[in-house]
Structure formats: C-alpha cells, structure tokens
Amino acid sequence: MKEIRSIILAAGKGTRMKSSIPKVLHPICGRPMIQNVIDVARGVGSSKVYCVLGHKSSSVAEALSDDLICVEQKKLLGTADAVKAAATFLKSYKGDVLIMCGDTPLLSKQTVKSIVRKHRKNKNVCTFLTAVVHDPQGYGRILRKENGAVVAIREDKDAVGYEKEIAEINVGVYCFHAPELFKVLNEIKPNAKKKEFYLTDIVELYTEKKLKVDAIETEDATEGLGVNTREDLANCEQILRRRILKEFMLQGVTISDPSTTYIDSSVVIGKDTIIRPYTFIEGDVRIGDDCQIGPFARIRPGSKIGNGVEIGNFTEVSRTKIGDQSIMKHFSFLGDSIIGSKVNIGAGTVTANFDGVDKNTTRVADGAFIGSDAILISPVKIGKNAIVGAGSVVTKDKTIPDGAVVTGVPAQIISRKK
Ligand code: UD1
Ligand code: CA
C-alpha cells in the first residue's frame, strides 16, 4: 500500500461559537471534536498526521496526543495558507496527502477510504468529498460542467445567482497528490472580499491546467456537517450519539429508549445488558454482560462494572469497580469504591468519598450487605459477608471484619455471623 499522510486544519478561531475555548476542543459525545477527525486520519493508515494550529495553539496541542505533529499557522490567512504552514514538512514527499478540517466530526473512515481508492484508481491530482444537503448556506458550492465534470468550488460569500441554489457542497475533505498540491498552492490569490487564501480555489486552477480533479458524493450527507455554531454542535452530537447507540445495539446491547440514552463512544458494554431510559454513561466506562442499568442512572469515568450487575434508578457511580452480580437498585452514590461480587448496596447508600481535600477509597468485599441509607465515610473497608445495618454511619478509617454485623452512628459491631 502506498504511503498516505494527513493534514488536519484546526487553526481557525471559531468566532461563531462565541467561546473562549478553541472550537475543535468542544466535546462531542465526551471527546474533543477534532479527536474524531484524528481517528479517521489514523484509521485510513496515515503514516504521519499534521495538525495546523493557530488560535490558542498551545492549549489545543496540549489536549492532543504526542504522536501528532503540531504545526503553527502564525496568521490566520485562510485554508490555503494553513496548508502552506505544513508544506515545509512535506517538501520531499511524493505520495498522497489527505486534508481534513478539525470541525467535521461526523466523517467516517470508510468514506475517506473510498476517496483515496478513487483518487488512486483514476490517478487524480485531487479528489474531494461533496454532499447534497437541504440547506447549503455557508458551504462552498460545487460547480460542474454539463457532462458532470467538476469546474470549481464557489465559496458561499462569492456565490451569485443560480450558484446560491446549488445543493452539492464541499465537505472540506480532500485527497491530493502532494507534488502538484504544493506547486499550485502558491498560485492561489487572496479572495477579493475576505482577503484570505482559499484552498478551494485550487480546484479551478487545476481544471484550467487540465489536471485531473474529481469529486465523490457521500452516501450519508450528515457526514459532511461542519460545526460552526453551538446549534451545529448540538446537531452533530445528536447524530453521533445515535450512531454510537446503533453500534451498541448491533453488538447485542438493548437500549430501551435511544432518545433518552447518552453513551460516550469510549464506553464498552457486554451483550444482553439492558440500558433503560434516561441513562448517562461517560468516558472510559466498561460494563459486562447481562447487566441492567437505569432508568435514571449515571455512570461516570473510571468505572468498571462486572457481569450480571443491577444499577437502578437515581444512582451515580464514579471511578468505581463493581464485581459480578452485585446490586444497587435505588438512589445511591458510589465514588472511588471497590465493590466485590454479590454485594447488596441498599437504597440510599452513600459513600462520603471526599473529605474536602482528598478523594478516599471505600472497599466492600464479596457478599457484604449494606443496609438502606448507610453512610460509608471513606477510607473504610467492609469485610466479606459483613452486614451494615440500615441508617448506620461507618466512620473514617474503620475496618469492619469479615462476617461482622454493625449498626448505629457511629457503627459498632453487635454480632458476628458464623
Ligand atoms: C470551508 C471551505 C468550504 C466548505 C466548508 C466545509 C474554504 C475556503 N472553504 O469553509 O468550501 O464548504 O469548509 O465545512 O476552505 N482554518 C485554518 N486556518 C485558517 C482558516 C481556517 O486552519 O486560516 C481551519 C479551521 O480551523 C477549520 C477549517 O480550516 O477547521 C475550515 O475553516 P472555516 O473557517 O470553518 O471554513 P468554512 O467557512 O467553514
Ligand atoms: Ca467550518
């Protein structure tokens, strides 16, 4: 397979977001939106991924993984200028280069692969992605000849007359043969209205030079959605969320009501687990097989749930491990806890895991029974098969021995099970 590299454009200010956070760092389904684009770049086999940064570049660079090459665009002079910023790294490179935007988080690996395939098969100098959309406003429009050949991309602000009505838009994903890209890039003139250098102008320059340019239309137009405003952000999040839920369902997870279920892409869930309505599962959570989660449950990052676990209504689990067949059915909070298997967490149980300075650990061994409304002031350890009576407060630094029965405030041992 021939080498491919990727350039991700992410220097823009994102003015329309009205935010102090750089646009590409706004999260979608739990991750900065640019991460989805980086995953696509990696997923198609890019040997190197360059991220062009500008506005608040250091905070963006900090949020990204170290194996990316961050390139600084000193002045934000447009998308062609952004590509020029990466050119010094690609001087002697003779292969293909993908250019994508950090603000199109719904793009899929399969689609980008199909662009590269067509590009190579037809020996094009440029192959780019288009989408036919209901509302093309704001996007570059695709101008074609009567025979269908691509002529140019007309930016929204420059579109006149019938051009405004064109529903086929530029998604902002291109595959270029590097030598012609960097040669012709320098011929792009600043746009008359915006004084910016538009990468999209390269298409017309190529067609004038009779170089082979082609466009490929996405089957799923939502892939082309770019985030420019908070409204776009919400739309994209909703679409990505549906895709994530669909994938879980394909893998054998029941989602009773997708419209009220929020699961991040980084979550792993085993088969025959049922996720009931109004449930939120965030970050690096893993859930085993045959569990029942929700309704109204929130499982937060750093949590690992075993098999056959029940987590019922009005519950929160954070940075917590729960062993197989444990149950926690009603209004409870477990934070920084390590819960064994076959443990009963009674209604209203709360771990007081934060002492104002540190987060402390609660350990509950296999088979323990925590009665309703108990408070476990961490750090505490509850032994195997121990029983904590309803309404008890197990105070800080206590270790309840295996099989002990404790009750009261503060909890005292009243008997021991055999
Ligand atoms: C761009 C395309 C448009 C396309 C749309 C798809 C151009 C001129 N227009 O328009 O045809 O329909 O994307 O979403 O390319 N950026 C930089 N440096 C700059 C300017 C922009 O890195 O100096 C980055 C931005 O961070 C962003 C991307 O390039 O990730 C696109 O820029 P943006 O200003 O959002 O372009 P659009 O107006 O959306
Ligand atoms: Ca954009």
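Residues numbered from 1 in each chain as written. Chains lettered and ligands numbered in written order. Predicted model: local features only at pLDDT ≥ 70, side-chain atom pairs only at ≥ 80, totals over all residues. Heavy atoms only, no water.

Quick word on the overall build of the chain
At step 1: Assigned secondary structure in the chain consists of seven helices and 35 strands.
At step 2: Of the contacts formed within the chain by residues at least 6 apart in sequence, a portion of 43% connects residues at least 24 apart.
At step 3: In the chain, 60 positive and 49 negative side-chain charges are present, and the distance between their average locations comes to 3 Å. (Helix = DSSP H or I, 4+ residues; strand = E, 2+ residues; numbered from the N terminus. Contact = heavy atoms within 4.5 Å. Lys, Arg positive; Asp, Glu negative; His and termini not counted. Charge placed at Lys NZ, Arg CZ, Asp CG, Glu CD.)

Topic: the side chain of Thr 362
At step 1: Relative to the helices and strands, Thr 362 resides in strand β27 (residues 362–364).
At step 2: We classify Thr 362 as buried; its relative accessible area is 0%.
At step 3: Aside from chain neighbours lying at most four places away, what touches Thr 362 is Asp 336, Ser 337, Ile 338, Thr 351, Leu 376, Ser 378 and Val 380. (Buried < 20%, exposed > 50% of the residue type's maximum accessible area, 1.4 Å probe, protein only.)

Examining the packing of aromatic side chains
At step 1: What the rule picks out here adds up to seven aromatic pairs.
At step 2: Note on Phe 128 and Tyr 174: the rings are 6.2 Å apart at their centroids and 40 degrees apart in plane angle, and the pair reads as tilted. Of this pair, Phe 128 sits in strand β7 (residues 126–132) while Tyr 174 sits in strand β10 (residues 168–177), placing them 46 residues apart in sequence. We note that Phe 128, like Tyr 174, is buried.
At step 3: By way of ring pairs, the aromatic residues Phe 128, Tyr 174, Phe 176 and Tyr 206 are connected into one cluster.
At step 4: The residue whose ring lies beneath Lys 84 is Phe 197, and the NZ or CZ to ring-centre distance is 4.6 Å. (Phe/Tyr/Trp six-rings, centres within 6.5 Å; stacked < 30°, edge-to-face > 60°. Lys NZ or Arg CZ within 6 Å of the ring centre and 35° of its normal.)

So, helix α1 (residues 33–43)
At step 1: Of all eleven residues making up α1, eight are buried, and the element is well covered by its neighbours.
At step 2: Of the residues making up α1, those classed as buried are Met 33, Ile 34, Gln 35, Asn 36, Val 37, Ile 38, Val 40 and Ala 41.
At step 3: Following α1 by one or two positions, Gly 45 adopts a phi angle in the positive range, close to 90 degrees.

Here we look at the sheet that holds strand β22 (residues 321–322)
At step 1: A sheet is described by the order of its strands in space; here eight strands give the open sequence β14-β17-β20-β22-β24-β27-β30-β33, paired in parallel fashion. The sheet is open, and its two borders are formed by β14 (268–269) and β33 (399–400), each paired with just one other strand. (Pairing = 2+ DSSP bridges.)

Thoughts on the nonpolar core
At step 1: Ranked by size, the top nonpolar core spans 49 residues in total, and within it Ile 263, Ile 269, Ile 281, Ile 287, Ile 311 and Ile 382 carry the most contacts.
At step 2: Broken down by secondary-structure element, the contributors of at least two residues to this core are α7 (230–250), β19 (297–299), β21 (310–318), β23 (327–335), β30 (380–382) and β34 (404–407).
At step 3: The element contributing the most residues to this core is α7, with six residues.
At step 4: Both domains that meet at this core, namely domain 1 (4–224) and domain 2 (230–416), each give it at least three residues.
At step 5: Not counting chain neighbours up to four residues away, the residues in contact with Ile 382 comprise Arg 363, Val 364, Ala 365, Ala 368, Ile 370, Leu 376, Val 388, Val 394 and Ile 400.
At step 6: Ala 82, Val 125, Leu 199 and Val 203 belong to the second largest nonpolar core, which has 38 residues in total. (Core = buried A, V, L, I, M, F, W, Y, C linked by side-chain atoms within 4.5 Å. Domains from an automatic or database assignment.)

Some remarks on the site of ligand 1
At step 1: Lining the immediate environment of ligand 1, one finds 22 residues, of which Leu 9, Gly 12, Gln 73, Glu 155 and Asn 170 sit closest.
At step 2: Leu 9 places a main-chain nitrogen or oxygen 2.8 Å from an oxygen atom of ligand 1.
At step 3: Between ligand 1 and Asp 103, the relevant distance is 3.4 Å, taken from an oxygen atom to a side-chain nitrogen or oxygen of the residue.
At step 4: When the free accessible area of ligand 1 is taken as 750 Å², the share hidden by the protein chains comes to 89%.
At step 5: Within the residue set of the shell around ligand 1, elements represented by two or more residues are β1 (4–10), α3 (79–87) and β10.
At step 6: Residues that form the shell around ligand 1 fall into these classes: ten nonpolar, nine polar and three charged. (Near = heavy atom within 4 Å. Polar contact = N/O pair within 3.5 Å; in protein donor to acceptor, adjacent residues only side chain to side chain. Areas by Shrake-Rupley, 256 points an atom, 1.4 Å probe, with all protein chains shown as cover. Nonpolar A, V, L, I, M, F, W, Y, C, P; charged D, E, K, R; others polar.)

What about the coordination of the calcium ion (ligand 2)?
Ideal donor angles around a metal are set by the shape: a four-donor tetrahedron calls for 109.5 degrees, a six-donor octahedron for 90 or 180 degrees.
At step 1: With distances of 2.6 to 2.7 Å, the protein atoms coordinating the calcium ion (ligand 2) are Asp 103 (OD) and Asn 228 (OD1). Placement of Asp 103 in the loop between β6 (96–101) and α4 (109–121) and of Asn 228 in the loop between β11 (213–217) and α7 is noted, with a sequence separation of 125 residues between them. Of the two residues, Asp 103 and Asn 228, both sit in the buried class. (Donors = N, O, S within 2.8 Å, 3.2 Å for Na, K, Ca; no water.)

Here we look at the pairing of β1
In regular strands, side chains alternate between the two faces of the sheet.
At step 1: Most of β1 is tucked away, with seven of its seven residues classed as buried.
At step 2: Here β1 shows no split at all, with Ile 4, Ser 6, Ile 8 and Ala 10 on one side and Arg 5, Ile 7 and Leu 9 on the other all buried.
At step 3: In this structure, β1 lies alongside β6, joined through six bridges in parallel fashion. For Ile 7, the partnering residue across the bridge sits in β6 and is Ile 99.

Topic: a nonpolar patch on the surface
At step 1: Judged by side-chain polarity, Tyr 278, Phe 296, Phe 314 and Phe 331 come together as a nonpolar surface patch covering roughly 430 Å² of accessible area.
At step 2: Note that Phe 331 resides in strand β23. (Patch = residues over 30% accessible without salt bridge, like charges linked within 9 Å, V, L, I, M, F, W, Y side chains within 5 Å. Salt bridge = Lys/Arg side-chain N within 4 Å of Asp/Glu carboxyl O.)

Things to note about the side chain of Thr 351
At step 1: With respect to the secondary-structure elements, Thr 351 resides in strand β26 (residues 350–352).
At step 2: On the accessibility criterion, Thr 351 (2% relative accessible area) is buried.
At step 3: Among the polar contacts listed, one links the side chain of Thr 351 to the backbone nitrogen of Gly 335, at a separation of 2.9 Å.
At step 4: Ignoring any residue separated from it by four or fewer positions in sequence, one finds Thr 351 in contact with Phe 333, Leu 334, Gly 335, Ser 337, Thr 362 and Leu 376.

What about α7?
At step 1: When the terminal C-alpha atoms of α7 are compared, their 30 Å separation across 21 residues agrees well with the 30 Å that a helix rising 1.5 Å per residue should span.
At step 2: Residues Leu 233, Cys 236, Leu 240, Arg 241, Ile 244, Leu 245 and Phe 248 constitute the buried set of α7.
At step 3: Taken together, the buried residues of α7 touch β2 (27–28), α1, β12 (254–255), β13 (261–263) and β14.
At step 4: Just past α7, the residue Gly 252 takes up positive phi, approximately 100 degrees. (Expected span 1.5 Å × (residues − 1).)

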